[in-house]
Amino acid sequence: MNLFNSPSAWEIEDLKSDNNWCFEVADTDRKQLTNSIKTVFDKDRDLFDYSPDEFDFGSSWKIIESAIKEAHHGKGLSIVKGLPREDLNHKEFRLLSWAIGLRTGVARPQGLASQYISAVRDIGTDYRAANGRGYSSNAELDFHVDVADLTILTCYNQAKSGGQSLISSGVTAHNYLFKERPDLAEAAYQFFYFSRQEEQAADEKPFYSLPLFEEMNGNLFCNWNRNRVQSAQNLKGVPKLSKLQQETMDALDEILIRPELMYTMYLEPGDMQIINNYRIFHSRTGYVDYENDLQKRCLYRLWLAPPDSIELPESWRDFYRSVGSAMVRGGIIGQSYDKSCKDFDKTHSKFLNMKIDAS
Ligand SMILES: [Fe+2]
């Protein structure tokens, strides 16, 4: 155990004093992107059938690529403003998000239905239920990581009120915990149990285990999700949380929301947020929607395995299924992972020169 000094170990002042994590697409590029999406879009075509070569990003790709690099290998977080939104309908904007994903990595499935892109919008899900998920609810969420190296979130509509994005660095939180309570930091290096929220594949248990922090090859790997830890307490075979573990969880959550450490922002239509999930924890406040369906809060989310990924600790295999560098890993395989999903994974991993586990 030691302190980690890296660009992802930021505090609010660091984000404010250096905006190398904020990017913007120029007006001319935005027009070109709009034209490209409208030309390629076909309402009868499955997303799996589009090829990355079909989209002309023009010089906007340099901007997007730099943002992905910053999120992946720098601060763990980046923002791109100014994606075309005004002239694209829901489905066209969804295709734009998918196209960005096609160039960035292999998209991973995100739940029971093995969906490769999720519309983040409220369909009345109970977040705290045994099978609850945050993305389909309007609830305030716990700080957590998503189940892939990178998350890309593109904003189509904001909420009427609320829905503020909350970001805190897992690396910074680790350092504070280590400095202030080394005994709890040590507990955080031990295994915790997380529920799969009843979305396990046929070959998976209903829970997975993983330390909150682990060091390997000079890198710190961070993982957190209180809701899933609490939920796992009701599952057979999961040990009860010790007092020390509960104290660790409380101390970690208290550090994450300190005003000097937690970054808050409202994603606006046309914004894209990119997050490295083994460095950064994220959350969101509860929200109220507009009445009109077309105005309701809607973001599109991709979970991506990028080709330049680094090796993960062996303990992450239970969570990501594969841990090697440049592997297609992560995602919630779910229960509809059919031939079309397998074919997409195979074809696209070949395109990006990535490896895929035979299983
Ligand atoms: Fe999330």
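Residues numbered from 1 in each chain as written. Predicted model: local features only at pLDDT ≥ 70, side-chain atom pairs only at ≥ 80, totals over all residues.

Asker: Help me out: how do you make sense of unusual backbone geometry in this one?
Answerer: Trans peptide bonds make up most of the peptide bonds, and negative phi angles are found at most residues other than glycine. In the Ramachandran plot, Glu 198 falls in the positive-phi region, its phi being about 60° despite a non-glycine side chain. Residue position: Glu 198 is located in the loop between β8 (191-195) and β9 (207-211). Under the C-beta neighbour-count criterion, Glu 198 is labelled partly exposed, with 15 such atoms within 10 Å. Even without a glycine there, the phi angle at Asn 217 is positive, about 50°. Along the polypeptide, Asn 217 turns up in the loop between β10 (213-216) and β11 (219-222). (Helix = DSSP H or I, 4+ residues; strand = E, 2+ residues; numbered from the N terminus. Buried ≥ 20, exposed ≤ 12 C-beta atoms within 10 Å, placed from the backbone.)

Asker: So what exactly am I meant to see when it comes to the packing of helix α2 (residues 27-40) against helix α4 (residues 90-104) here?
Answerer: Between two packed helices, what matters for the description is the angle formed by their axes and the separation of those axes. Between α2 and α4, the shortest axis-to-axis distance is 10 Å and the interhelical angle comes to 105°. The angle between α2 and α4 falls in the class roughly perpendicular. Together, Leu 33, Ile 37 and Lys 38 of α2 and Glu 92, Leu 95 and Leu 96 of α4 make up the contact between the two elements. Tallied by class, residues from the contact of α2 with α4 come to four nonpolar, no polar and two charged. (Axes fitted to C-alpha atoms, helices over the stretch in contact; angles between N-to-C directions. Parallel < 35°, antiparallel > 145°, perpendicular 65-115°, else oblique. Contact = placed C-beta atoms within 7 Å. Nonpolar A, V, L, I, M, F, W, Y, C, P; charged D, E, K, R; others polar.)

Asker: When you look at the packing of helix α5 (residues 170-180) against helix α8 (residues 243-256) in this model, what are you seeing that I'm missing?
Answerer: As a packed pair, α5 and α8 sit with axes 9 Å apart at the nearest point and diverge in direction by 120°. Regarding the angle of α5 to α8, the classification is oblique. Taken as a pair, α5 and α8 cross one another with a handedness that is right-handed. Residues Ala 173, Tyr 176 and Leu 177 of α5 lie in contact with α8, whose contacting residues are Ala 251, Leu 252, Ile 255 and Leu 256. For the contact of α5 with α8, the residue count by class is seven nonpolar, no polar and no charged. (Left-handed = near helix turned anticlockwise from the far one by under 90°.)

Asker: Got a minute to help me understand the pairing of strand β7 (residues 165-169) in this structure?
Answerer: Summarising burial for β7: four of the five residues are buried, a large majority. Sheet topology places β7 next to strand β12 (residues 262-265); four bridges connect them, and they run antiparallel. Residue pairing across strands places Leu 166 opposite Thr 264, the latter belonging to β12. Sheet analysis places β7 next to strand β14 (residues 280-284), joined by five bridges and oriented antiparallel. Residue Ile 167 lies in a different strand from β14, and its bridge partner there is His 282. (Pairing = 2+ DSSP bridges.)

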